Amino acid sequence: MRLRLYHHHDGARVAYREYGAGPPLALLHSGLLSHMEWEPVAEDLGARFRLVLPDLPLHGDSEARPRHPYTPDWFAEVMAAFCAEVLGPHPLVGGHGAGAEILLRAVGSGRLEPSRLVLMPNRMHAPPAYPRRRKAWRLLTGAAAVPGLDGLLSYGAGLVFRPEWGVRLSSRANPAAGDLLRHAFADVPGNSSLARSWSKCAREWPDGAQTQLLELYPRLRMPVLLLWADQDRFHPLGVAEEALPLLGDGQLRVLPSSGFLMAYDDPVGLARELVAFCG
C-alpha cells in the first residue's frame, strides 16, 4: 500500500494508505488502533475500490503533537476535510468505533456529505458498555497532563495494551490480532508528547450517552449500512436495532461469530458486505 500525507490548514497531518483503483472508499479505524485494522480485507476491497485507509490523529503515523485541541469537533473537521481533498465530493465512507463516531459528528455538522455511509460497531446513541473502565481510562490518561507523569504513563500504556489483549478482542482468537496491537503501541512507550496529546483528548471526548444522535438519524439522507458483529461485547447488537427504524434509508447486516475485530474474525464476510453495499 502506498503511504501518503494529507496536511490540514492548521498544520495537522493525516497519514493514509491507498490500495487498488476504482471508486474511492475510506475506512476509519477504531480508537487505539491504526489503519492496520483493515489489513485483512485490503486486498479484496482494493480489487473493487481505491481503498483509502487513514490513521486517525493520535494514531499510527498521523498527527500527535500537543499543539492541537483533539476535541471531537476538531477530529470531525480534520477528517471531513481529509475526505473532501483525498476522496472528492460525496464519497463512500465507513468507520468503526471512534472512527464511526467521528463520521457521525462530521455528517451531523454538515461538514461531510457521503453518498453512502457504513457504520460498524460503535456506541451510537447509547452510553458506554463499561462506564467504570472508561472512567478509569479517562482519569489515568488525563493524568498525563501533570509534568513528570506523561512519560511514566506512556510506558504504562504499553504494559496494559499488550498483544495478548488484541487476541482477546477477536472472537476467534486470531493470533494476527496481536500484531495489530503490537503495531498500534510500538511508538507509545517513552513518548511523553503523545501522552500529553491523549490527555487532551481524554478530557474532551464525551463520556455519556449521545442522545442527540436520535434526532440526527432521521435526517440522514444517504443510504446507511449498520454492519454489526454479534459477539462484540463493547457494542451490543441491540443499539443498532434501536437505531435502524429511525434511519430513512438504512439496513442492518450482522456478521455471525464475529467480535470487536470483525476484519480479523470474518474478513471474507466483511469484504462481501462492504462490496454489496458500496457497489
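The structure we're discussing is the one just above.
Cut-offs and rules
Residues numbered from 1 in each chain as written. Predicted model: local features only at pLDDT ≥ 70, side-chain atom pairs only at ≥ 80, totals over all residues. Heavy atoms only, no water. Buried < 20%, exposed > 50% of the residue type's maximum accessible area, 1.4 Å probe, protein only. Helix = DSSP H or I, 4+ residues; strand = E, 2+ residues; numbered from the N terminus. Pairing = 2+ DSSP bridges. Axes fitted to C-alpha atoms, helices over the stretch in contact; angles between N-to-C directions. Parallel < 35°, antiparallel > 145°, perpendicular 65-115°, else oblique. Contact = heavy atoms within 4.5 Å. Nonpolar A, V, L, I, M, F, W, Y, C, P; charged D, E, K, R; others polar. 1 Å grid on protein atoms, 1.4 Å probe; cavity = no way out; pocket = protein on both sides within 12 Å on 5 of 7 lines; lining within 4 Å. Points joined across faces, edges and corners; volume = space filled by probe spheres on them. Polar contact = N/O pair within 3.5 Å; in protein donor to acceptor, adjacent residues only side chain to side chain. Salt bridge = Lys/Arg side-chain N within 4 Å of Asp/Glu carboxyl O.

Peer 1: Sorry, what's going on with the pairing of strand β2 (residues 13-19) here?
Peer 2: Put simply, side chains in a regular strand alternate between the two faces of the sheet. With five of its seven residues buried, β2 lies for the most part within the structure. Summarising the sheet, strand β1 (residues 2-7) and β2 pair through six bridges and their orientation is antiparallel. Within β2, the position partnered with H7 by the bridge is R13. Hairpin remark: β1 followed by β2, antiparallel, with five residues in the connecting loop; positive phi at G11, about 95°. Sheet topology note: the β2/strand β4 (residues 50-54) ladder contains four bridges and is antiparallel. Counterpart to E18 in the pairing with β4 is V52.

Peer 1: Quick question: what am I supposed to make of the packing of helix α2 (residues 72-86) against helix α3 (residues 98-108) here?
Peer 2: Relative orientation and spacing of two packed helices are given, respectively, by the angle between their axes and the distance between those axes. At a minimum axis separation of 8 Å, α2 and α3 run at an interaxial angle of 80°. The angle between α2 and α3 falls in the class roughly perpendicular. Contact residues: α2 offers P72, D73, F75, A76, M79 and A80, while α3 offers I102, R105 and A106. For the contact of α2 with α3, the class distribution of residues is seven nonpolar, no polar and two charged.

Peer 1: Looking at this structure, how should I read the layout of surface pockets?
Peer 2: Here the second largest pocket is characterised by a volume of approximately 250 Å³. Along its surface, the second largest pocket is lined by 18 residues, and E101, L104, R105, Q212 and L213 are the ones closest to its centre. Only α2, α3 and α9 (213-216) provide two or more residues apiece to the lining of the second largest pocket. Here the element with the most residues in the lining of the second largest pocket is α3; it accounts for five residues. Per-class residue counts for the lining of the second largest pocket are eight nonpolar, four polar and six charged.

Peer 1: What am I meant to see in the side chain of N122 here?
Peer 2: Turning to its location among the elements, N122 is positioned in the loop between β6 (116-119) and α4 (131-142). Classification of N122 as buried rests on a relative accessible area of 0%. Polar contacts involving the side chain of N122 include one to the main-chain carbonyl oxygen of M120, which spans 2.9 Å. Polar contacts involving the side chain of N122 include one to the main-chain amide nitrogen of M124, which spans 2.8 Å.

Peer 1: Is there a simple way to think about the pattern of salt bridges in this case?
Peer 2: Pairing between side chains becomes possible if they bear opposite charge and their charged atoms approach one another. Following the criterion strictly, the structure yields 12 salt bridges and no others. Among the ionic pairs, R4 bridges to E18, the shortest N-O distance being 3.7 Å. Separated by 14 residues along the polypeptide, R4 in strand β1 and E18 in strand β2 bring together distant segments of the chain. The partner of R50 in a salt bridge is E18, with the nearest N and O atoms 2.7 Å apart. Separated by 32 residues along the polypeptide, R50 in strand β4 and E18 in strand β2 bring together distant segments of the chain. Taken individually, R50 and E18 each receive the classification buried, so the pair is uniform in this respect.

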